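# Observations on the three-dimensional arrangement
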Amino acid sequence: MQESTPVDIQVESQFLPDQSEPTQQRFAFAYTITIRNTSEEAVRLLNRHWIITDGDNQVQEVQGEGVIGKQPLIPPGESFSYTSGAVIDTAVGTMEGSYEMISASGRPFIAPIGIFSLARPSALH
């Protein structure tokens, strides 16, 4: 049984028509992540890991320090939100991943981010 993580992660994604070029197989999406600390102590986001899969099953893997140039410290009961983006070659794709985090008491943990869709509104019927 997997231990529950001390954070709750919500995701919203949206298609960005003004940054996309469908004739060039360029589809841009924004996603907003909200990380809510449900534990009794502060937690810090250290690293991110994303798996981005387009409609042709082409996979991009993205790993790096923090998010949007930050390694936010999230106090108990508080949340941290940010918006970032992804560009894929098809009108439909998915993202999933995880954050490597650490609690104030020094306990490292992985916070999984469930799969979510990237889809141009007219692409799904």
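Look up a bit, the structure's there.
Just so it is clear, the structure is predicted and the values come from calculations on it, not from any experiment.

## Description of the overall build of the protein
Helix and strand content of the protein: zero helices and eight strands. Each of the three principal axes of the protein carries a C-alpha extent, and together these read 50 × 30 × 25 Å. Across the protein, contacts joining residues at least 24 apart in sequence account for 66% of those joining residues at least 6 apart. Put simply, the protein shows about 7,300 Å² of open surface, and 46% of that area lies on carbon and sulfur atoms. Taking the average place of the 7 positive charges on the side chains of the protein and the average place of its 15 negative ones, the gap between the two points comes to 6 Å.

## Looking at the sheet that holds strand E1 (residues 7–15)
Strand order in the open sheet formed by three strands is E1-E2-E6, and the pairing between neighbours is antiparallel. Across the chains shown, the open sheet's two edge strands, defined by having one partner strand only, are E1 and strand E6 (79–88). Ignoring which end each strand starts from, the neighbouring axes of this sheet average 20° apart. Strand direction decides the pairing type here: strand E2 (residues 27–37) and E6, joined by ten bridges, are antiparallel. Of the residues in E6, the one forming a bridge with Thr32 is Thr83.

## As for the pairing of strand E8 (residues 108–119)
Summarising the sheet, strand E7 (residues 92–103) and E8 pair through ten bridges and their orientation is antiparallel. Following the sheet pairing, Ser98 is matched in E8 by Pro112. The hairpin turn running from E7 into E8, its antiparallel successor, is four residues long, and Gly106 in that turn takes a positive phi close to 95°.

## Describing the packing of aromatic side chains
Applying the stated criterion across every chain yields a total of six aromatic pairs. Geometrically, the ring pair formed by Tyr31 and Phe116 is tilted, given 6.1 Å between the ring centres and 55° between the ring planes. Remark: Phe116 occurs in strand E8 and Tyr31 occurs in strand E2; sequence separation between them is 85 residues. The class of Tyr31 is buried, set by a relative accessible area of 4%. Owing to a relative accessible area of 11%, Phe116 belongs among the buried residues under this scheme.

## Side note on the nonpolar core
Judged by nonpolar contacts, the single largest core of 27 residues is most densely connected at Ile35, Trp50, Tyr99 and Met101. Breaking this core down by element, the ones donating at least two residues are E1, E2, strand E3 (43–54), E6, E7 and E8.

Calculation notes
Residues numbered from 1 in each chain as written. Predicted model: local features only at pLDDT ≥ 70, side-chain atom pairs only at ≥ 80, totals over all residues. Heavy atoms only, no water. Helix = DSSP H or I, 4+ residues; strand = E, 2+ residues; numbered from the N terminus. Contact = heavy atoms within 4.5 Å. Areas by Shrake-Rupley, 256 points an atom, 1.4 Å probe, with all protein chains shown as cover. Lys, Arg positive; Asp, Glu negative; His and termini not counted. Charge placed at Lys NZ, Arg CZ, Asp CG, Glu CD. Pairing = 2+ DSSP bridges. Axes fitted to C-alpha atoms, helices over the stretch in contact; angles between N-to-C directions. Phe/Tyr/Trp six-rings, centres within 6.5 Å; stacked < 30°, edge-to-face > 60°. Buried < 20%, exposed > 50% of the residue type's maximum accessible area, 1.4 Å probe, protein only. Core = buried A, V, L, I, M, F, W, Y, C linked by side-chain atoms within 4.5 Å.

Don't take any of this as a statement about function, it's just geometry.
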